[in-house]
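A look at the structure
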Amino acid sequence: SVQDMLREAAERHEAAARGSYSRVNTEDRDGPRRQMTENEFLQQQRRRKRDKVKDMFETICWFIAGAAVLYGTDFIKVITSDPRVNRPVFNLGLGIMCIELGIFFYLIVFLRLRGETRTDYDKVCPRVIYAATVLGIGLFLCLLLGLWPVWHWFTPFILGILFMFFLETLQFV
């Protein structure tokens, strides 16, 4: 209770004034703290290892799917020389992609070199995350509209798989 906590605090204060040691309360508000048993520790280690293997398996699956889409659709040749691509919209998307990469470089590399931490984004540059989100939506729409004449209804799936491919590939960098 609150009275017990106040009494313990007063006892600690008196003991500190006398220069003597007083016992510290080891109970949390939720109950007594306890050490993790060896069995619980081993279960936690197994769970972490299992999650790591699962994440790596997922990364490999996205990598295989992305490589298959790149190869199966001949993506590079299509975006460089296919006349069906809506060039003005697609090139606008490429311009937005360059801006996005600049924002990511700023957030990931430049701020880290200045010593800013990940949680400081809201303080240092509060509008950059919102700008990156809006630009990302615009990028997806421009690429979708630019490549729609080539693959029609498959275009969003192709772009989604390639997005995850490039996102998961960053784990290997």
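One can find the structure itself at the top, above this paragraph.
Below: a short report on this structure. Since the structure is predicted, the reported quantities are computational estimates derived from the model, not experimental observations.

Thresholds applied
Residues numbered from 1 in each chain as written. Predicted model: local features only at pLDDT ≥ 70, side-chain atom pairs only at ≥ 80, totals over all residues. Heavy atoms only, no water. Phe/Tyr/Trp six-rings, centres within 6.5 Å; stacked < 30°, edge-to-face > 60°. Helix = DSSP H or I, 4+ residues; strand = E, 2+ residues; numbered from the N terminus. Buried < 20%, exposed > 50% of the residue type's maximum accessible area, 1.4 Å probe, protein only. 1 Å grid on protein atoms, 1.4 Å probe; cavity = no way out; pocket = protein on both sides within 12 Å on 5 of 7 lines; lining within 4 Å. Points joined across faces, edges and corners; volume = space filled by probe spheres on them. Nonpolar A, V, L, I, M, F, W, Y, C, P; charged D, E, K, R; others polar. Salt bridge = Lys/Arg side-chain N within 4 Å of Asp/Glu carboxyl O. Patch = residues over 30% accessible without salt bridge, like charges linked within 9 Å, V, L, I, M, F, W, Y side chains within 5 Å. Areas by Shrake-Rupley, 256 points an atom, 1.4 Å probe, with all protein chains shown as cover. Axes fitted to C-alpha atoms, helices over the stretch in contact; angles between N-to-C directions. Parallel < 35°, antiparallel > 145°, perpendicular 65-115°, else oblique. Left-handed = near helix turned anticlockwise from the far one by under 90°. Contact = heavy atoms within 4.5 Å. Polar contact = N/O pair within 3.5 Å; in protein donor to acceptor, adjacent residues only side chain to side chain.

Observations concerning the packing of aromatic side chains
A full pass over the atoms with the stated rule returns five aromatic pairs. Between F63 and F165, the aromatic rings sit 5.4 Å apart at their centres with planes inclined by 40°, giving tilted as the arrangement. One end of the pair, F63, is in helix α2 (residues 38-73); the other, F165, is in helix α7 (residues 155-169), and 102 residues separate them in sequence. Looking at F165, the relative accessible area reads 8%, which means it is buried. Measuring from centroid to centroid gives 5.8 Å for F75 and W151, while their planes differ by 10°, and the two rings are stacked. A residue pair is termed long-range when its members are at least 10 positions apart, and F75 in helix α3 (residues 75-81) and W151 in helix α6 (residues 128-151) qualify at 76 residues. Owing to a relative accessible area of 13%, W151 belongs among the buried residues under this scheme. What links up through ring pairs into an aromatic cluster is the set F63, F165 and F166.

A short note on the layout of surface pockets
Of the volumes computed, that of the largest pocket is approximately 950 Å³. Here the lining of the largest pocket is composed, by residue class, of 23 nonpolar, two polar and one charged.

Focus on the pattern of salt bridges
The final tally for this structure, using the stated rule, is one salt bridge. Taking the shortest distance from any N to any O, the salt bridge between R84 and D82 comes out at 2.8 Å.

As for a nonpolar patch on the surface
A cluster of nonpolar side chains, namely L94, M97, L101, F104, F105, I108, V109, F110 and L113, defines an oily patch on the protein surface of about 840 Å² accessible area. When you line up the elements, M97 lands in helix α4 (residues 87-113). In this structure M97 comes out as partly exposed when scored by relative accessible area, which is 30%.

Some thoughts on the packing of α6 against α7
Helix packing for two helices is described by the angle between their axes and how far apart those axes are. Across the interface, α6 lies against α7 with an axial gap of 9 Å and an inter-helix angle of 125°. By the criterion of interaxial angle, the relationship of α6 to α7 is oblique. At the point where α6 passes α7, the crossing takes the right-handed sense. Each of F140, L143, L144, L147, W148 and W151 in α6 lies in contact with α7, whose residues at this interface are T155, P156, I158 and L159. Taken together, the residues of the contact of α6 with α7 break down into nine nonpolar, one polar and no charged.

Quick word on the environment of L70
Residue placement: L70 occurs in helix α2. Classification of L70 by relative accessible area gives partly exposed; the value is 22%. Residues L70 and I161, spaced 91 residues apart in sequence, show a C-alpha to C-alpha distance of 9.7 Å. L70 has contacts with F75, L162 and F165, leaving out every residue within four places of it along the chain.

Some thoughts on the side chain of T59
Residue position: T59 is located in helix α2. When its relative accessible area of 1% is taken as the criterion, T59 is described as buried. Engagement of the side chain of T59 in a polar contact is seen with the side chain of E168, the distance being 2.8 Å. Apart from the residues within four sequence positions on either side, T59 is in contact with E168, Q171 and F172.

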